[in-house]
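# Observations on the three-dimensional arrangement
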Amino acid sequence: NYFHEWKDIHIIPLAFDSISYESIEDPAYEYDVCFIGGWADNGFNEKKPIMLSHFKHLMNSGLKCGIFINKNLSHQQENLILYNSKVALNIHDAYQRILGNDTNERTFKSLGLTGALVCDNIRQTNEMFPELPLYNTPEEMIEQIHGYLNNQNQLKKTKEHYRNLIANHHTYIHRVKQMRDL
């Protein structure tokens with residue numbers, strides 16, 4: 001509602017850290033689906049119930065899940081889990097779901113390393129990655145995960161597509177260039 005009064009607004013979203021993360025294969029870190037993050041209490045504690053409702057569905061899915069919340073994983077462990085998992089899961093905070101302007105860094109990390117992402121429906125994510133299927137309910141989340149896992153050929157193509165897309169357009173190096181060009 002306030003943006004119409006502003007001039008020359010430039011939005012620079014978060015990106016993937018292509019310098020610190022690497023493509024390292026290690027089957028010991030392979031999961032059907034992984035999530036790495038924290039409860040991220042913004043003072044309203046809205047994200048924890050959202051996450052718990054989604055993880056409850058994962059518990060009954062029969063999937064090999066790697067869910068790491070507030071685990072203080074090393075950078076190397078995070079890298080290995082994300083790169084070697086078949087699908088990454090993304091869950092945004094309640095305000096991000098309402099406003100839609102704020103795609104979290106997990107979006108770019110997951111697409112840059114895992115290459116296959118199941119993400120909740122955030123407007124900015126949809127605008128940046130219009131071909132990426134987004135879910136609205138935990139049931140849709142499970143369907144999308146199974147959709148990837150039931151078509152290994154398509155999963156491989158998806159991983160290759162998004163890893164390349166992120167490397168070529170959505171790294172912090174690209175964001176710095178965007179800012180310098182303003």
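Before going into details, it helps to say that this report is about the structure given with it.

About the thresholds
Counting restarts for each chain: residues are numbered from 1 in the order of the written sequence. Reporting in this predicted model follows two pLDDT cut-offs: at least 70 for local features of residues, and 80 or more for side-chain atom pairs to be given and counted; totals over whole chains, interfaces and linings ignore these cut-offs and use all residues. Excluding hydrogens and water, the side-chain figures rest on all heavy atoms present in the structure. Only protein chains enter the accessibility calculation, which uses a 1.4 Å probe; a residue is then buried when its area is under 20% of its type maximum, exposed when over 50%, and partly exposed in between. Here a helix means four or more residues in a row that DSSP labels H or I, a strand means two or more in a row labelled E, and each is numbered from the N terminus. Pairing between strands is defined by DSSP: at least two bridges between them are needed. Convention used here: a crossover is right-handed provided that the path from the first strand, over the helix, to the second strand proceeds clockwise when the strands point away from the viewer. In this text, buried Ala, Val, Leu, Ile, Met, Phe, Trp, Tyr and Cys residues form a nonpolar core when linked through side-chain atoms within 4.5 Å. It only takes one pair of heavy atoms within 4.5 Å for two residues to be counted as in contact. To obtain each axis, a line is fitted to C-alpha atoms, and for helices this fit is confined to the stretch in contact; angles are then taken between N-to-C directions over 0 to 180 degrees. Expected span of a helix: the number of residues minus one, times 1.5 Å. Directions from the helix axis toward the C-beta atoms define the arc.

### Some thoughts on the pairing of strand β4 (residues 117-120)
Burial along β4 is two-sided: the face carrying Leu-117 and Cys-119 and the face carrying Val-118 and Asp-120 are both buried. Relative to β4, strand β3 (residues 87-90) runs parallel, the two sharing three bridges. For Asn-90, the partnering residue across the bridge sits in β4 and is Cys-119. The sheet contact formed by β4 and strand β5 (residues 134-135) spans two bridges and is parallel. Residue Cys-119 lies in a different strand from β5, and its bridge partner there is Leu-134. Of the crossover connections in this fold, the one passing from β4 over helix α5 (residues 123-128) to the parallel β5 is right-handed.

### Quick look at unusual backbone geometry
At Asn-70, a residue that is not glycine, the phi angle is positive and equals roughly 55 degrees. Mapped onto the elements of the fold, Asn-70 is located in the loop between β2 (65-69) and α2 (75-84). Classification of Asn-70 as partly exposed rests on a relative accessible area of 46%. Unlike most non-glycine residues, Asn-72 shows phi in positive territory, near 50 degrees. Summarising the element assignment, Asn-72 is placed in the loop between β2 and α2. Under the relative-accessibility criterion, Asn-72 is labelled exposed at 75%.

### A few points about the nonpolar core
Ranked by internal contacts, the top residues of the largest apolar core, which has 42 residues, are Leu-58 and Leu-89. Top element by residues in this core is helix α6 (residues 138-149). It accounts for five residues. Those residues in contact with Leu-58, other than ones at most four positions away along the chain, are Val-33, Leu-63, Cys-65, Ile-67, Leu-89, Met-141, Ile-142 and Ile-145.

### Digging into helix α4 (residues 105-114)
When you tally the buried positions in α4, you get nine out of ten residues, the bulk of the element. Residues of α4 that are buried: Arg-106, Thr-107, Phe-108, Lys-109, Ser-110, Leu-111, Gly-112, Leu-113 and Thr-114. Downstream of α4 by a residue or two, Gly-115 has a phi angle that is positive, lying close to 90 degrees.

### Describing the sheet that holds β3
A sheet is described by the order of its strands in space; here five strands give the open sequence β2-β1-β3-β4-β5, paired in parallel fashion. Among the strands making up the open sheet, the edge pair consists of β2 and β5. Against the sheet, helix α1 (residues 47-59) engages β1 (33-37), β2, β3 and β5, with an angle of about 160 degrees to β2.

### Quick notes on helix α7 (residues 152-169)
In this model, α7 (18 residues) spans 26 Å end to end at C-alpha, consistent with the 26 Å of a helix rising 1.5 Å per residue. Listing the buried residues of α7 in full gives Leu-155, Thr-158, Lys-159, Tyr-162 and Ile-166. Looking straight down α7, one finds its buried side chains confined to an arc of 100 degrees; they lie on one side. Among the exposed residues of α7, those pointing more than 90 degrees away from its buried face are Asn-153, Lys-156, Lys-157 and Glu-160. Considering only its buried residues, α7 is in contact with β3, α4 and α6.

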